[in-house]
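# What the coordinates show
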Amino acid sequence: MAVFTSMVYQNEYLADGSTDVNAIVRITCSEAGAAGQTGVGDVGEIVIVDTSASMGLVNMQAAKDAAMVAVDTILDGTYFAIIAGNHRAYLAFPRVSSGPGMVRMDANSRAAAKLAIASFRADGGTAMGSWLLLARSLFRSIPSLAGRHAILLTDGENHNESVTQLEASIRACLGEFQVDCRGIGVEWQVSEIRKIAQALLGTVDVIPSPRELPQIFQELIARSMSRGVPDAALRVWIPQGAQIVFVRQVSPTVEDLTHRGAPVDALTSTYPTGAWGDESRDYHISIRLPAKAVGTEQLAARVQLSTGAAILTQGLIKAKWSADPSLTAGISPEVAHYTGQAELASAIQEGLAARAQGDDRTATQKLGRAVQLAAQTGNAEAAARLERVVDVADAATGTVRLKKNIDKADEMALDTASTRTTRIRG
C-alpha cells in the first residue's frame, strides 16, 4: 500500500502589516506498487504514433520499433490500444468498430498489436487534436479504468487543424488522461506540443536521433507502469478572508496549477496531480491573508493530497506576525530557490521566443538572466544547455552574447528542458 508523507518549508514570521505567506510543501510517495496491480482499479495505456508523410522511411521505422518496445513493456492485464495518426486518427489496434476500444495485454494481444504496428506507412498530414479525441473515446470505452496514460510521438507541426481546433480538443481531454509527448527531429513546434503536455499533466522532450526512440519509449512506459496510485489531487484549505495567490508544482518540473483549481467548498480548492509512483514532488503555495496584529498566530493553509475522499497526507502552513526583524527578514532557502527556478523557466522561454522573432536585444537580456539564475540555483543542466545557444562572458552577472549559428536541436532541447528544476543544494 502506498505511503505518503509531507514536509513544509517556510519562514512563518511576517512583519507588521505583511500579508503574503509562501511555503514549499514536499510530498513523497513510497511503496506505490505497479499500475493496475494495487486493487484500486484497472489502468489503460495508449501509444499514439505520427504516421504522416513527413515521418519518412527512417523515422517511421524507428517509430515502429519504439512502439513495439512499448508494447513489450506494458504489463500483462493492462488495457491498451495503438493509434496511428496523420490528418485523421486511426485505431490500429485492436481492430474494432464498436464497443470497447481497448483490450487487456497478454501474449496473444501483444503479438497481434506488433503485427498492426509493422503495417504502419508514412502518409498524409497532421491533426493531433483528432488523435487526442480518439484516445479519449478509447479510454471512455472502458469504464473500470482508474488510471489513463498515453504516449504521443510526432515529427511536425499541426498543419491540418487550426489552433482553435487543437485547443478545443485539448480542453475536451482535460482530466480524462495524462500524456507524455515526444518530438522527433526539429520540424515540430515546442510551444505547440508543450501546450498538450502541460494541459494533460505530462512531459515534453525532443528526440534528436531516431536511434534513441526505442529506449525512450521503454522508459516512458516503464515509468507509467510504476505508478501504482492512478490519480491524486492536491487540496488546499485557506481561512475565511484569505486568498490563494498561486499553486505551482516546482519539482521535478515547474507547472502552474493555479488556473486548474476547482472548488470543493467555500474555503477549499482541489488541483490535479495525476498518477504517482515512488517519487517526491515539491509545491510552492502562496497565500494572502488579512494583516493581523503583532503577536497573532494563524493557520494560513492546510495542504493535503487525496484520492477521492481519502486524505493521504497533510502539511500545515502557518503565519506569525512579529516586530522582530531578525525573525521576519529571512526568506526560506527553499522558497527562494524555487522562485528562482520558476523565473529561470520563464526567462529561457521568453528569450528563445524573442530570438525567433528577431528581437536579439530582448533575447540577450532574457537568456543572460537565465544564465545568471542557472548559476545561482545550481541548475547544471540548464547552464550546460544555455552555453550551446549563448557565449557566456560572466555567469554571475548574466553577461552573454548570442551565438551566431545555433543548432536547432540544441535550441529545442533548451526549450523543452526549461521547466525541469533542481533541488536546493545541501
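Residues numbered from 1 in each chain as written. Predicted model: local features only at pLDDT ≥ 70, side-chain atom pairs only at ≥ 80, totals over all residues. Heavy atoms only, no water.

### Brief notes about the pattern of salt bridges
- A full pass over the atoms with the stated rule returns 20 salt bridges.
- The shortest N-O distance in the salt bridge between R194 and D415 comes to 3.0 Å. Residue R194 is located in helix 5 (residues 190-199), and its partner D415 is located in helix 11 (residues 408-416); the two are separated by 221 residues in the primary sequence. In terms of burial, R194 and D415 fall into one category: buried.
- For R423, the salt bridge is made with D282, and the minimal N-O distance between the two is 3.0 Å. (Salt bridge = Lys/Arg side-chain N within 4 Å of Asp/Glu carboxyl O. Helix = DSSP H or I, 4+ residues; strand = E, 2+ residues; numbered from the N terminus. Buried < 20%, exposed > 50% of the residue type's maximum accessible area, 1.4 Å probe, protein only.)

### Observations concerning the side chain of T273
- As for its position among the elements, T273 is in strand 15 (residues 268-276).
- Its relative accessible area of 6% is what places T273 among the buried residues.
- In this structure the side chain of T273 is engaged in a polar contact, spanning 2.7 Å, whose partner is the backbone oxygen of A232.
- Ignoring any residue separated from it by four or fewer positions in sequence, one finds T273 in contact with L201, A232, A233, L234, R281, Y283 and L305. (Polar contact = N/O pair within 3.5 Å; in protein donor to acceptor, adjacent residues only side chain to side chain. Contact = heavy atoms within 4.5 Å.)

### Some remarks on the packing of helix 4 (residues 163-173) against helix 5
- Closest axis-to-axis distance for the helix 4/helix 5 pair is 10 Å, and the angle between their directions is 15°. Taken together, the axis directions place helix 4 and helix 5 in an arrangement best described as roughly parallel. The hand of the helix 4/helix 5 crossing is right-handed. The segment helix 4 lies against helix 5, with V163, L166, E167 and I170 engaging E192, K195, I196 and A199.
- Grouping the constituent residues of the contact of helix 4 with helix 5 by class yields five nonpolar, no polar and three charged. (Axes fitted to C-alpha atoms, helices over the stretch in contact; angles between N-to-C directions. Parallel < 35°, antiparallel > 145°, perpendicular 65-115°, else oblique. Left-handed = near helix turned anticlockwise from the far one by under 90°. Nonpolar A, V, L, I, M, F, W, Y, C, P; charged D, E, K, R; others polar.)

### Some points on the packing of helix 1 (residues 56-73) against helix 2 (residues 107-118)
- Interhelical geometry of helix 1 versus helix 2 gives an angle of 170° and a closest axis separation of 9 Å. What the angle tells us is that helix 1 and helix 2 run roughly antiparallel. Contact with helix 1, carried on its side by K64, A67, M68, V71 and D72, involves R110, A113, K114, I117 and A118 of helix 2 and no other residues of that element.
- Looking at side-chain class alone, the contact of helix 1 with helix 2 contains six nonpolar, no polar and four charged residues.

### A short note on the nonpolar core
- By size, the foremost hydrophobic cluster in this structure holds 34 residues, and its most contacted members are I46, M102, F177 and I196.
- In terms of residues, this core owes the most to one element, helix 3 (residues 128-140), which gives seven residues.
- Setting aside residues no more than four positions away along its own chain, I46 makes contact with A81, I83, M102, A135, L138, F139, H149, A150 and I151.
- In terms of nonpolar packing, the next biggest core, distinct from the first, is built from 33 residues, A66, A70, I82 and F120 among them. (Core = buried A, V, L, I, M, F, W, Y, C linked by side-chain atoms within 4.5 Å.)

### Here's the deal with the sheet that holds strand 12 (residues 243-251)
- Taken together, the five strands give an open sheet; going across it, the order is 1-3-16-12-13, and neighbouring strands pair in antiparallel fashion. Here the strands that pair on one side only, and so sit at the sheet edges, are strand 1 (3-10) and strand 13 (255-256).
- In this sheet, strand 3 (residues 20-30) lies alongside strand 1 in antiparallel orientation, the contact comprising eight bridges. Counted as the bridge partner of M7 is R26 from strand 3.
- Relative to strand 3, helix 8 (residues 333-356) is tilted by about 90°, and along the sheet it contacts strand 1, strand 3, strand 12 and strand 16 (279-288). (Pairing = 2+ DSSP bridges.)

### Section: the environment of Q314
- Among the structural elements, Q314 can be located in strand 18 (residues 310-322).
- The class for Q314 is partly exposed, based on a relative accessible area of 38%.
- Along the primary structure Q314 and M7 are separated by 307 residues, whereas in three dimensions their C-alpha atoms are 8.6 Å apart.
- When residues no more than four places from it in sequence are discounted, the contact partners of Q314 are S6, R302, V303 and Q304.
- Among the polar contacts made by the side chain of Q314, one reaches the side chain of Q304 at a distance of 2.7 Å.

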